[in-house]
Each structure stands twice: as C-alpha cells, then as structure tokens.
Amino acid sequence: MTVASQLNSSAAAQSVLSQFVATGAETCFHGRHISPQILVGLDGKNWRLKDYETRGGYQALRKILGQDGAPSNSDTGVVGMTPDQVTAEVKASGLRGRGGAGFPTGLKWSFMPRQFPGQKYLVCNSDEGEPGTCKDRDIMQYNPHSVIEGMAIAAYAMGTSVGYNYIHGEIFATYQRFEEALEEARAAGLIGNNILGSGFNFELYAAHGFGAYICGEETGLLESLEGKKGQPRFKPPFPASFGLYGKPTTINNTETFAAVPWIIRNGGAAYLECGKPNNGGTKIYSVSGDVELPGNYEVPMGTPFSKLLELAGGVRKGRTLKAVIPGGSSSPVLPGSIMMECTMDYDSIAKAGSMLGSGAVIVMDDSRCMVESLKRLAYFYMHESCGQCTPCREGTGWMWRVVDRIHNGQGRQSDLELLNSVADNIQGRTICALGDAAAMPVRAMIKHFRHEFEAMIKPQTPQSSASPLAQTAMQA
Amino acid sequence: MIPEQTKARFDREIAKYPADQKQSAVMACLTIMQQERGFVSAESEKLVAEYLGMAPIAVHEVTTFYNMYNQQPLGKYKLNVCTNLPCQLRDGVGALKHLEQKLGIAMGETTADGLFTLQQSECLGACADSPVMLVNDLTMCSSMSNEKLDQLIDGLKSVEANQS
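Rules behind the numbers
Residues numbered from 1 in each chain as written. Chains lettered and ligands numbered in written order. Predicted model: local features only at pLDDT ≥ 70, side-chain atom pairs only at ≥ 80, totals over all residues. Heavy atoms only, no water. Helix = DSSP H or I, 4+ residues; strand = E, 2+ residues; numbered from the N terminus. Areas by Shrake-Rupley, 256 points an atom, 1.4 Å probe, with all protein chains shown as cover. Lys, Arg positive; Asp, Glu negative; His and termini not counted. Charge placed at Lys NZ, Arg CZ, Asp CG, Glu CD. Polar contact = N/O pair within 3.5 Å; in protein donor to acceptor, adjacent residues only side chain to side chain. Contact = heavy atoms within 4.5 Å. Phe/Tyr/Trp six-rings, centres within 6.5 Å; stacked < 30°, edge-to-face > 60°. Buried < 20%, exposed > 50% of the residue type's maximum accessible area, 1.4 Å probe, protein only. Lys NZ or Arg CZ within 6 Å of the ring centre and 35° of its normal. 1 Å grid on protein atoms, 1.4 Å probe; cavity = no way out; pocket = protein on both sides within 12 Å on 5 of 7 lines; lining within 4 Å. Points joined across faces, edges and corners; volume = space filled by probe spheres on them. Nonpolar A, V, L, I, M, F, W, Y, C, P; charged D, E, K, R; others polar. Pairing = 2+ DSSP bridges. Axes fitted to C-alpha atoms, helices over the stretch in contact; angles between N-to-C directions. Core = buried A, V, L, I, M, F, W, Y, C linked by side-chain atoms within 4.5 Å. Parallel < 35°, antiparallel > 145°, perpendicular 65-115°, else oblique. Buried area = accessible area lost by both parts, 1.4 Å probe. Salt bridge = Lys/Arg side-chain N within 4 Å of Asp/Glu carboxyl O.

K.L.:
An account of the overall build of chain B is needed here, citing residue identities and associated values.
P.N.:
Broken down by element type, chain B carries seven helices and four strands. Taken along the three principal axes of its C-alpha coordinates, chain B extends 50 × 40 × 25 Å. Surface summary for chain B: the accessible area is close to 6,300 Å², and the carbon and sulfur share equals 50%. When the 14 positive and 20 negative side-chain charges of chain B are each reduced to one mean point, those points stand 3 Å apart.

Written out as structure tokens, the structure is:
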C-alpha cells in the first residue's frame, strides 16, 4: 500500500488541489464589515510586511519604543511609552479576551509579576477549534503581522523576551504562512534582539497542534507546548505564576493580540468609543450555518444581532430564524426571537442567558431538528474529552448515547431528566471548562426546545423491566 | 536512522525552545516523520524519542493523543471531511456520503488501489467555507459541492494514472 505524504504530493496533484483552496473573496473580503480595524484594507494578497507597513503597521511598536521620531515627553524626558503606560492604555480600551472567556486583557497583563528574576513567556492561543469559529485563521492568513506586532507590544508591556504562537494543526498552511511572516519580521529587526535599536529583545516562534480540541484550553495548550498530551492543569496556580515550563506566562487569543496595535496607535479611549461601555472595540464574528453569506464579519461591539444577520445575507432560502448558538458550540443555544432582541457584545448575550464566547454565530433555520443538532455536538464533546476527569470522560459519552437513542426513536420517558442530571454532574466538577462546554448545550437545548425531544420520545414506550425474551413470551 | 536532511528539519524545531526543553519539539518532529514516511510507526517514535532524549512511551502518548497522527499506513491521499454542526448545517455530511459512494468505501476505509483514505473529522476551523475537506493534513479544500468533489477525485486519479 502506498502511503500519504504531503511532500510526496506531486506538483501535478498540488495543482489539482490548489484550485479548491479558499481565497476569502466571499467570506472575508466582501466589503460588508462595519468600521473594521483588523480586517481593514485586506484583499488576500497584501499580507506581507511591506503591505502591512503601508497600512500603518508597526507604527504602534515604533511608538512605544520611542522609535517613531516623536520628541521625548517634555515633563519626564522619556521617549516612547513605559510598559505601565502600554498596559494602562490597553486597560482603558476595554479590550476583553477574544478567545471565549472575555476577560479584560489589560487586567490580565497586570497579573504578570514585574520583578520576577527568571524567564517569563508570552503565548498566543491560535488553536482555533471551537465549532463555528474561523476568524483567527483569516487574521493569520491575511494579516499575520498584526498578531506579531500585537505580541511584541504585549511582550514589551510585560517584560517578556520569548513568545510562542500555538496554531491549530488543521490549518497547517496558515501555520506555514505565519512562519513566513515571522521570517520577514525577523529580517527587518522587528522581532529578535535589540528591536529597532531600542535595546528591547523579543523572540517569537510558531508552534502547531495536531488535532486536539482540548489544546484550546490554555493549560492544555501549555502542556502541549511542553511536548506532552494536552491534558489541562488544575488552576490555581494560574499561568501568570506557573505557566510554560513553570514560569510566569500570559496567554491571549490571536484576535486579542491583533487588536492591540490599533489601540496603541489610536488610544484606548478611541477603541472603547467604537464599542460600548465595558465592551470596547470591534469584534470579528464568524457567521456559519443557515445564512445566505457565511463568513467573517468585523463590526463594532454592541452591533444588533439583526444587523449582523443582515450583513450575512439573512436566513437561507427565505426561511425563518429558529435558533442561534451565539458564541461557538459550547455556548447555550438561544431561540431566534430572543437573539433578535440582542446586541452582539459580552453583556447583552450574557443577559439573554448565553455567552459571546469566541463570537462564532451558528444560525439555524426553522427546518432544523434540534435533537439531531445536539446529537452531533454531544458526539464532538465525547470525541474530544481528554479523559482526565471521570465526570467528563464518562458523562460526555453517556449524554451522546442518550441523545442518540432519542434521535433513533428509542428514547425513554425519563431521558430528559437523565440528560439534565448527567449534565449537572459534569458541570463544575471537572478540571477544565470542557465539561461545562459539553453540559451547557444539552441543558439549553432541552430548556428551549423540550417539545422537540418529547415529540421523539413515544409515550407508549414500554417501561417494563422484563427481558426481551420474557416480553416475547408474554406476547405469545 | 534519521537522514541528515530530516535531522536538519528537527533541529530547526528544537531551536525554538530552551536547550533543556527539547521535548517541546516532539509534535513537530512527529509531524515531519508523518510528512516524510506517511505515518508514525513505532520505529519512528523510537527515533524521535532518542533524538529528543525522551522515553519512547512518552512519544507514543503524544502520537495517540492527537487526532491527526496516522498510526498506520493510509492511502496516498488522506481526505478529512468535517461533519461538525456548522458543517452539518451546510452539507458536510452530504459531502462525506457523496465521497463514500464515489470511492466505494465507508468512512475510515482506504480504497483498494491505495489511493484514498476517507475520514470524518471534527472542526477544521473553516466553518464559513463548508463543506470543507482537509487533504493530507495540509490543503484545506473549500465549498466542496458534489461537483467539486468529483472534479477533485477525478483530477487526482488522472494525475496518478499519468504518473504510473
């Protein structure tokens, strides 16, 4: 038998395959963003360093390092910005983590011990595997230097000299693109030793995963970076005190880093102003599922969901909106009627009973069976549970088997209570949030669409405990 | 034996990490092995373990934990079709079924000529491009309608026919 190898994929085979590679024309460069900051001016070809600099790239890094030609501060005599000033600016921006948790970025940066004598690390979480999410891929593919510059600024603010960007293994071509961008930045003296002659050192490397959803969990990611199975660590201690190789580490999402250069160039106040209070800036929403024009849409925080849906061409085939999973598959589903009242920001979605998460908006129309949808999600969490904690390892499989039998017409009257009970016994009882992520969709689906599950469970299902043999005997 | 060329690729990965943390390069080294040899054999694991100063079982733990490592030889073209919910809503399952029919195999199987292995996969992170299919861990093929799937399979088959 011959064996697979990307190196052995001949040029002829590669030319066959390359015609099916996305160009981003319809999903990213559609011109339907609103006041974009990260995706502004991109066309798919202008990802290189010289293009990025034409768009104002690396001005923020030059600014903080005092290498932008601006005069020194007349009061203090300082050129550029101090690390504290950079962190304060990010705090003032209201930027919150774009990976899912929405934790205030500036606050996270301030947790890093300032006077720690040893090595500290900066890590970018680009292990984008939350179903529905495809924004970090486009950022790194089409604007990789925004991530590099954002990381360099963060490293300066926290006094970190080494960073890693851990990239989802499935987007290996994007990992290669990012490596290429790193080479450009290194050659131009924008990363490495004595950046732009300022005396500031920051070396940045790319690493890749190879197919494990759990490595998107920050401590699972750290384990993976250390060359191990990506099984999450118990917290505390938090990465800011015990992270990569046991050293203080800050981990932010790709989109979070990509937002930083704009904030430094334009000021935290301007960033906050373009969103809404406590929800600064723009956010890239990955809209998938039953819409006419699936894609990434960068819009200000607080944009009404109805507007986002309109940008994505509305519900497919003129159908009616049934439900939306607003923040990646782990966030609780919401009925369409509730979503149409929401604005797209952390606080509005939380108030409605779900989470903005990674900003992956999965749209479902009125033809969709919620039992079937939940069955697929339940399978996913079973497949991706790392097996470390019993409630998650056993519970995710249990939930999938129960949803599967309901979907196959074998459901029992007690199954919905059973599902809720299993979910209750997973949520809050595991080392990491994958357990919660598996439990929340189950509870929300039953809460909002109970009638669909009940309709699949036949009321006449025999509750006899007798064996099939005994039943046959009784019928005879 | 690890060829010198492969060692050079390993060394480039090892150089990313502190001198006493060579193990960090294990995933990259295993990936390189898979790229060059098609799958990760016990022998490859042992070579990587020796090179990085790890116990072979620690390398095996990594191979078996991450979904994308092939633990046995597969077809020349490994086709991973995403069927997770966002793709399920946009014909991902249909794409998988179409390929099953077209290739005459069930998911998880390899065609008799050794050309294609078909696998269902979890989220590939390209949800807006659904149906999506990752070929040989590298090329993400997007918006794969049945017509495009046919073109891709027929195209690869004719490339192979011309080469043999």
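K.L.:
Any details on the side chain of Ser10 of chain A? Residues and values, ideally.
P.N.:
Among the secondary structure elements, Ser10 of chain A is positioned in the segment before helix H1 (11–18). In this structure the side chain of Ser10 of chain A is engaged in a polar contact, spanning 3.1 Å, whose partner is the backbone nitrogen of Ala13 of chain A. If sequence neighbours within four positions are ignored, Ser10 of chain A has contacts with Val159 and Gln163 of chain B.

K.L.:
Please set out the packing of aromatic side chains residue by residue, giving values where relevant.
P.N.:
A full pass over the atoms with the stated rule returns 19 aromatic pairs over all chains. For the ring pair Tyr213 of chain A and Phe380 of chain A, a centre distance of 4.7 Å and an interplane angle of 65° mean the geometry is edge-to-face. Of the two residues, Tyr213 of chain A sits in the loop between strand S3 (203–208) and helix H9 (218–225) while Phe380 of chain A sits in helix H15 (residues 370–384), which places them 167 residues apart along the sequence. Judged on exposure class, the residue Tyr213 of chain A and its partner Phe380 of chain A are both buried. An angle of 65° between the planes, with centres 5.8 Å apart, marks the rings of Tyr379 of chain A and Trp400 of chain A as edge-to-face. Of this pair, Tyr379 of chain A sits in helix H15 while Trp400 of chain A sits in helix H16 (residues 390–407), and the two are 21 residues apart along the sequence. Residue class for Trp400 of chain A comes out partly exposed when judged on its relative accessible area of 21%. Through successive ring pairs, a cluster of aromatic residues spans Tyr121, Tyr164, Tyr205 and Tyr245 of chain A together with Tyr17 of chain B. The ring of Trp47 of chain A has Arg177 of chain A sitting right over it, with the charged end atom 4.0 Å from the ring centre. Sitting above the plane of the Tyr285 of chain A ring, Lys283 of chain A keeps its charged end 5.6 Å from the centroid.

K.L.:
Outline empty space enclosed by the protein, supporting the account with residue identities and numerical values.
P.N.:
For the structure shown, the criterion picks out four cavities of 30 Å³ or more. Roughly 80 Å³ of internal volume is contained in the largest cavity. What lines the largest cavity is simply Tyr166, Tyr175, Ala207, His208, Ser224 and Leu225 of chain A together with Glu13, Tyr17, Ser24, Ala25, Met27 and Ala28 of chain B. Breaking the lining of the largest cavity down by element, the ones donating at least two residues are S3 and H9 of chain A together with helix H2 (26–37) of chain B. Of the residues belonging to the lining of the largest cavity, the class tally is eight nonpolar, three polar and one charged.

K.L.:
So, the sheet that holds strand S6 (residues 295–300) of chain A: which residues are in play, and what are the values?
P.N.:
Residue and element names in this part refer to chain A. Judged by pairing direction, the sheet is mixed, and its five strands sit side by side in the order S6-S5-S11-S8-S9 without closing on themselves. Of all the strands in the sheet, just S6 and strand S9 (334–335) have a single pairing partner and so form its edges. Bridge count between strand S8 (residues 321–325) and S9: two bridges; the pairing is antiparallel. When the bridges of S9 are listed, Ala323 appears paired with Pro335. Together, strand S5 (282–289) and S6 form the strand contacts of helix H6 (residues 135–142), whose direction differs from that of S5 by roughly 120°.

K.L.:
Tell me about the nonpolar core, and please be specific about residues and values.
P.N.:
Judged by nonpolar contacts, the single largest core of 143 residues is most densely connected at Phe202 of chain A together with Tyr66 of chain B. If near-sequence neighbours (up to four positions away) are discounted, Tyr66 of chain B is found in contact with Tyr166, Phe210, Gly211, Ala212, Cys215, Ser224, Lys228, Lys229 and Gly230 of chain A together with Met27 of chain B. In this structure, Ala95, Phe116, Met133 and Leu156 of chain B belong to the second largest nonpolar core, which totals 24 residues.

K.L.:
So what's going on with the packing of helix H7 (residues 144–158) of chain A against helix H10 (residues 254–266) of chain A? Residues and values would help.
P.N.:
Two numbers describe a pair of packed helices, the interaxial angle and the distance between the axes. All names here are of chain A. One way to put it is that H7 packs onto H10 with a least axis distance of 7 Å and a crossing angle of 75°. Relative to H10, the element H7 is oriented roughly perpendicular. The residues of H10 that touch H7, namely those facing Ser146, Val147, Glu149, Gly150, Met151, Ile153 and Ala154, are Thr254, Phe257, Ala258, Val260, Pro261 and Ile264. A per-class count over the contact of H7 with H10 returns nine nonpolar, three polar and one charged.

K.L.:
So, the interface of chain B and chain A: which residues are in play, and what are the values?
P.N.:
On the side of chain A, 83 residues touch chain B, which itself brings 69 residues to the contact. Across the interface of chain B and chain A, roughly 6,100 Å² is buried in total on both sides, 58% from carbon and sulfur atoms. Across the contact surface, chain B and chain A share five salt bridges. Across the pair Arg137 of chain A and Asp129 of chain B runs a salt bridge whose closest N-O atoms are separated by 3.1 Å. For the interface between chain B and chain A, the tally reads 26 residue pairs in polar contact (both at pLDDT 80 or more).

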